Amino acid sequence: MTSPPTASAAAESIHRSLSEATSYSSSSDSFDNPRRFTAFASRLQFVLNHHHFLDPDSLPPALQTALKGIASDLSKAVETVSSYRKRSKIFVLINCKSLSSSLQQHSSAIASWLALIQSSLSDDLPDLRKKISDLSLDMKQSHFTVTENEERVHRTLQREGEGRQTSKAVQSAIIMDLARCLGVDSDNYSELINQVKLLKTDLTNSTSVSSRRILVSLETILDNWSVIPGMSTLSVDCDFEEEAHILPFKNFLCPLTKEVMKEPVVLESSQTYERRAIEYWFERCLDDGREPTCPVTGQVLKSLELKPNIGLAGAIEEWVNRNIEIQMKGAVEQLSKDSMEVEGVERVLDVVYKISEEHPSNRFRVRNAGVVAMIVRLLKNCSHSIGTVLRGKALMALLSMAKDEESKKIMLDEGITRLAVHSLTGSSEKEREHAVKLLLEFSSDESYCTRIASEKGALVLLSSMAGNLEHPALANLAEEMLTQMERAEDSVQHLAAAGRFEPLLSRLREGPGDIKIEMASILGRMTLTNNSKEQIARQCAQTLVELLSKPEGRTSSLLALNNLSGLDDNVTILVDCAVLPALVAILFQDKGASPEWKELAASIIANIVSNPGRWELASIDRKGNSMQSESVVFNLVKLLFVASSPCQASILRILYGMASSPQAAESVALHIQSSGDGIKTIIMFLEYIEVEHRIYAFKLTRVLAERFGHDLAQELKLSEKLSLFKEKLLDNESAESEKSDAACILANLPLSEDEVKTILEASFVKWTVMTLKKQQRISNGRTSRPTSSMTEGLLGLLLHFTRSRDQETISVVKEHQLMTIFCEQLSFPAKPRVRQLAAIGLKNLSEAGRLLAVVDSEPLPPQGFCASLIFMCGRGGSPEASTCPIHNAPCENNSQLCLLKSNCIRPLVELLHDEDTIVQIAAIEALSTLMSDMSNGYKRAVDELEKQDVIPTVIELFTEVRPGVLQERALWMIERALRVDGPAHRYSLNQSLVRALVEAFKHGNANAKRHAQDALTNLKQISGVSGKASSQSRPRR
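Residues numbered from 1 in each chain as written. Predicted model: local features only at pLDDT ≥ 70, side-chain atom pairs only at ≥ 80, totals over all residues. Heavy atoms only, no water.

## What about the overall build of the chain?
Within the chain, the regular secondary structure consists of 53 helices and five strands. In the chain, which comprises 1037 residues, the proportion classed as buried is 51%. Here the contacts in the chain between residues at least 6 apart in sequence split such that 68% fall between residues at least 24 apart. Of the roughly 48,700 Å² that the chain leaves accessible, carbon and sulfur atoms contribute 49%. (Helix = DSSP H or I, 4+ residues; strand = E, 2+ residues; numbered from the N terminus. Buried < 20%, exposed > 50% of the residue type's maximum accessible area, 1.4 Å probe, protein only. Contact = heavy atoms within 4.5 Å. Areas by Shrake-Rupley, 256 points an atom, 1.4 Å probe, with all protein chains shown as cover.)

And the structure:
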């Protein structure tokens, strides 16, 4: 039995498949489906090259399973892509539906495996998770289809496979459609034959009857479609002056073709024929195995010598010339009419084209008659009225006449370039085709290529055509035109602006120094798409970094790098190219660096450090220092005092970016705090006039407040800026990001009860609650970053009030129903921090209720009235009020200091299943406040918690989680619950609980061991203990 493949084998298979899939240039694919799948393969290759997948066998089982699934489906998909690339185009058209269906099926399967990988990755890889999620979604939503043209040809070929008889008209249509799909001209008989030969090779080992019928049918059609080359000739019709038209003499006509001869030749029988026609006859005779004969006389020819009939040729030429003069005179009259006659104009264009093609030596007569200039003016003045068909014919006539150099000059002087570019948008394929061909005819001149490039929209239209696989023949022409233009130096910038970067990039990589600088300058000034930024960075980032070492190229390189660094995906590329050492040197060490250089260097660094995960490990000097090193942070803080305003904004972005990185946050924040005036310096920018400075100062201060709240509070008090954050929150003109940061900062500052009263004030609670509710309405299920940050800050502000035991503050808490507010936030869908804060708020309020209940349990006044409980649970004291099983005292429904009466226990229990440990800890600590009091009525409290499903859920949590704070908190609650006889008896047979308690007793810390021992004793799982105290008499712990 074969063992299943290992994860390493799967990874190797994936890399082989991806290498094969991406080994071809996407531009070389004739069909859209393999090109699209190759793009997905490139993205998949980038994702799986992440260091997280370097050791596949050490990955979790789910990830290993996903890799094996990807390996299998990717191998089959690449095999399908190989069919597109290696089989003949006709074979692909025959099987296009099955091929596209195969790609669709395996892409969807790969997307599902990617979704499994994304869900199995840890939260500390957010960028990787996002890339995998985006790729999974894109592949799942992608549709590998066949084009309309391919669909038509596919159906036609399938019918041919049925062996049906077709007419000549249908056969012609088949050839036209097939040629269009194959990207060849329908008159290109040799190429069509070649494609059929390739199909025949593909079907050598095929057993498909239908495919073989298609092959036979195509061979037959092409045999019928082939024509004798050159048999057609011009019959110069006179549609303008019938009376002046000179009819040809009979001896001007070839006996075989019945057309005026172009190259008359005489046989030994003295009969004259068109050379090509008689040569065809001779070949036919020889093929039939018979002696060549004269078709007219039947004489067997001893010699096949063909002698030119010079006299007759001269007479025919004179006849043609006289008729052309008549035709040109009529053409001028027709084109000069005030009211245009469409039919007359069409006849003129047809005649001009025939004369130019069949009698090229007479092109000068067309030009001298002024017809070339008149056709250009016709396009210029009557473009809309003549329609796309006539525009196509006019361009076709001019294209033919462009072979005459003098006619070319006339066209250029009349402005044919702009007119041809305009026709690139024509509604008919013929018009667009002739427009491209006409431009291509002129493209041999480099200056003309520059002129075309400068025409508005020309490059965009040509690029669009080149990428349109619906019309392969047109796409090939457009691609050829663009290739010609790439040779012109002055066209490089125009081509890049249209998205064709290769000419610019090749010059940037391989050109001399001055050319590199010029190309870098162009890149720095351009507005680039994200795809373009990534393409440029991959090919030229190293060159741009090298240019930084040359003073003359530094400005251009910095501008280009600043442009490229705006894309998150380029961070890894730039860091790997060692851009950081060069930028840090410009920012700190280069005394001759201009302010512009420093501003650009700071901006690039800010863009890089805003994306954590790569730059943290990069060295910035020979000593091995990194961006988060103490010296760099100190220098950045110092530079804030002397830098220009744009540079200051970028430095604040740098500090915030580094302080936000999971890998660097702690050290960077510590360096800022220990840099002397670091915190003080940043505080200065909180009221800066420039918005960007303020925004990042607030963001950075928020990060510092989370780690050094005490130091920050001291600096704020000294600078008298503590009230600034409240003012910012109440200022309707402030940006939402500033307000959310202000709320988070104020929430993280350690404020005393007096400061809560004086700075925040009781009235501020009302504003906070109203704003919190407003945030909920705005989000309405959406979890944008500003909304969740603002919610986090507002909850943190309310926590200041929950910590106070002052009666006035507690009255405010109850008035605004803070316990209900916190309970509603437990189901907040965004950041775990919001749910954690809500649980902490409930814990604080529940603890306050417990303490007040303890105070109120003192001997009651003689009149039997409990003033403290009235304060705690609301002034009601109605006879219907029941005794709360938790507090063993009357608590009204919706009491804001009792978790039970405020219906908060169930939501907290549900929170124990949260994916985030910090949320689970906060929830269990809130529930622990219900079991702190061991006074009379404790058994009743435990029974109530059983009803609320608290005890079973905590036990389940305890048996599942790893040792740590969460397990210790759960163990504390379990030990408390097992002091009561009922639960102790019920759970004594729970083997999972007993095993978990034994493990905690063996391996836990001192507290865990003590609680586990007591719990096991209560369950009677440990012998030799004298007995356990009753639940009513056991001392409190």
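## A short note on a nonpolar patch on the surface
Residues Phe 641, Val 642 and Met 684 make up a contiguous nonpolar surface patch of about 330 Å² in total accessible area. For Phe 641, the location among the structural elements is in helix α31 (residues 630-642). (Patch = residues over 30% accessible without salt bridge, like charges linked within 9 Å, V, L, I, M, F, W, Y side chains within 5 Å. Salt bridge = Lys/Arg side-chain N within 4 Å of Asp/Glu carboxyl O.)

## Notes on the packing of helix α2 (residues 32-48) against helix α6 (residues 126-141)
It is at 10 Å that the axes of α2 and α6 come closest, and there the two elements cross at 160 degrees. In this view, α2 runs roughly antiparallel relative to α6, as classed from their interaxial angle. The hand of the α2/α6 crossing is left-handed. Mapping the contact onto sequence places Phe 37, Phe 40, Arg 43, Leu 44, Phe 46 and Val 47 in α2 and Leu 128, Lys 131, Ile 132, Asp 134, Leu 135, Asp 138 and Met 139 in α6. Among the residues making up the contact of α2 with α6, the classes are represented as nine nonpolar, no polar and four charged. (Axes fitted to C-alpha atoms, helices over the stretch in contact; angles between N-to-C directions. Parallel < 35°, antiparallel > 145°, perpendicular 65-115°, else oblique. Left-handed = near helix turned anticlockwise from the far one by under 90°. Nonpolar A, V, L, I, M, F, W, Y, C, P; charged D, E, K, R; others polar.)

## A look at the pattern of salt bridges
Close approach of charged atoms allows side chains of opposite charge to pair. Evaluated as defined, the whole model comprises 40 salt bridges. For Arg 833, the salt bridge identified is with Glu 792, shortest N-O distance 3.8 Å. Of the two residues, Arg 833 is situated in helix α44 (residues 832-856) and Glu 792 in helix α41 (residues 785-802); the sequence distance between them amounts to 41 residues. For Arg 833, a relative accessible area of 28% gives the class partly exposed. With its nearest N and O atoms 2.4 Å apart, the salt bridge here joins Arg 850 to Glu 847. Placement of both Arg 850 and Glu 847 in helix α44 is noted, with a separation of three residues, approximately one turn of the helix. Assigned by exposure class, Arg 850 and Glu 847 land together as buried. One continuous salt-bridge network, built from bridges that share partners, spans Glu 263, Arg 275 and Glu 279.

## Some details on helix α21 (residues 458-466)
Since one α-helical turn is 3.6 residues long, residues separated by three or four positions face the same way. Along α21, the positions that sit buried rather than exposed are Ala 458, Leu 459, Leu 462, Met 465 and Ala 466. Down the axis of α21, the buried side of the element spans an arc of 125 degrees, and every buried residue falls inside it. Those residues of α21 that are buried lie in contact with α18 (416-423), α19 (429-442), α20 (446-454), α22 (472-486) and α23 (492-497). (Arc of directions from axis to C-beta.)

## Examining α2
Look at α2: 24 Å from first C-alpha to last across 17 residues, which is about the 24 Å you get at 1.5 Å a residue. Structurally, α2 contributes buried residues whose contacts are with α1 (7-22), α3 (61-86), α5 (96-120) and α6. (Expected span 1.5 Å × (residues − 1).)

## Considerations on the packing of aromatic side chains
For the coordinates displayed, the defined rule picks out ten aromatic pairs. For the ring pair Phe 37 and Phe 144, a centre distance of 6.4 Å and an interplane angle of 50 degrees mean the geometry is tilted. One end of the pair, Phe 37, is in helix α2; the other, Phe 144, is in the loop between α6 and α7 (148-160), with 107 residues separating them in the sequence. Of the two residues examined, Phe 37 and Phe 144, each falls in the buried class. (Phe/Tyr/Trp six-rings, centres within 6.5 Å; stacked < 30°, edge-to-face > 60°.)

## Some words on the confidence of the model for the chain
It should be kept in mind that the predicted coordinates are not to be read in detail where pLDDT is low. Scored by pLDDT, the chain has a mean of 82; 88% of the residues are at 70 or more. Long-range and interchain partners of residues 1024-1037, a stretch whose pLDDT sits below 50, account for 24 contacts in this model, where long-range means more than four residues apart. (pLDDT = per-residue confidence, 0-100.)

## A look at unusual backbone geometry
Phi at Asn 903 takes a positive value of approximately 60 degrees, unusual for a residue other than glycine. The class for Asn 903 is exposed, based on a relative accessible area of 60%.

## Focus: the sheet that holds strand β1 (residues 264-266)
Spatially, three strands are ordered β2-β1-β3 in an open sheet, and the strand pairing comes out antiparallel. With partners counted over all chains shown, the strands left at the sheet margins are β2 (272-274) and β3 (307-308), one partner each. Of the pairings in the sheet, the one linking β1 to β3 comprises two bridges and is antiparallel in character. Across the sheet, Val 266 pairs through a bridge with Lys 307, a residue of β3. (Pairing = 2+ DSSP bridges.)

## Some thoughts on the environment of Glu 446
Here Glu 446 is to be found in helix α20. Separated by 42 residues in the primary sequence, Glu 446 and Ala 488 have C-alpha atoms spaced 5.4 Å apart. The residues touching Glu 446, leaving out its near neighbours within four places in the chain, are Arg 487, Ala 488 and Glu 489.

## Thoughts on the side chain of Arg 85
For Arg 85, the position within the fold is in helix α3. Residue Arg 85 is classed as buried on the basis of its relative accessible area of 16%. In terms of polar contacts, Arg 85 uses its side chain to reach the backbone carbonyl oxygen of Ala 21, at 3.0 Å. Within the structure, the side chain of Arg 85 is placed 2.5 Å from the side chain of Thr 38, a separation counted as a polar contact. (Polar contact = N/O pair within 3.5 Å; in protein donor to acceptor, adjacent residues only side chain to side chain.)

## Examining a negative patch on the surface
Negative charge collects at one region of the surface, where Asp 445, Glu 446, Asp 490, Asp 514 and Glu 518 lie side by side. With respect to the helices, strands and loops of the structure, Glu 518 is situated in helix α25 (residues 513-525). (Lys, Arg positive; Asp, Glu negative; His and termini not counted. Charge placed at Lys NZ, Arg CZ, Asp CG, Glu CD.)

## Some details on the environment of Glu 279
Note on placement: Glu 279 falls in helix α11 (residues 275-287). A residue is classified by how much of its surface remains accessible, and Glu 279, at 33% relative accessible area, is partly exposed. For the pair Glu 279 and Leu 304, spaced 25 residues apart in the sequence, the C-alpha separation amounts to 9.1 Å.

## Quick look at the nonpolar core
Grouped together as the largest cluster of nonpolar side chains are 177 residues, with contacts concentrated most on Leu 580, Met 627 and Met 658. Per-element tally for this core: the top contributor is helix α30 (residues 595-609), with nine residues. Discounting residues that sit within four places of it in the chain, Met 658 has contacts with Val 609, Trp 615, Met 627, Gln 628, Val 633, Leu 636, Ala 664, Ala 665 and Val 668. Core analysis: the second largest hydrophobic core is formed by 73 residues, Leu 312, Ala 397, Ala 435 and Leu 462 among them. (Core = buried A, V, L, I, M, F, W, Y, C linked by side-chain atoms within 4.5 Å.)

## Comments concerning the packing of helix α15 (residues 371-381) against helix α16 (residues 383-401)
Two elements in contact, α15 and α16, have axes whose closest approach is 9 Å; the angle formed by their N-to-C orientations is 150 degrees. Relative to α16, the element α15 lies roughly antiparallel. Pair α15 / α16 crosses with left-handed handedness. Contacts from Val 372, Ile 375, Val 376, Leu 378, Leu 379 and Asn 381 of α15 reach α16 at Ser 383, Ile 386, Arg 391, Ala 394, Leu 395, Ala 397, Leu 398 and Met 401. Here the residues of the contact of α15 with α16 sort into eleven nonpolar, two polar and one charged.

## A few points about the environment of Val 545
Mapped onto the secondary structure, Val 545 falls in helix α26 (residues 530-547). By relative accessible area, Val 545 is classed as buried at 10%. For the pair Val 545 and Ala 560, spaced 15 residues apart in the sequence, the C-alpha separation amounts to 10.0 Å. In this structure Val 545 touches Ser 557, Cys 577, Ala 578 and Val 579, once residues within four positions along its chain are discounted.

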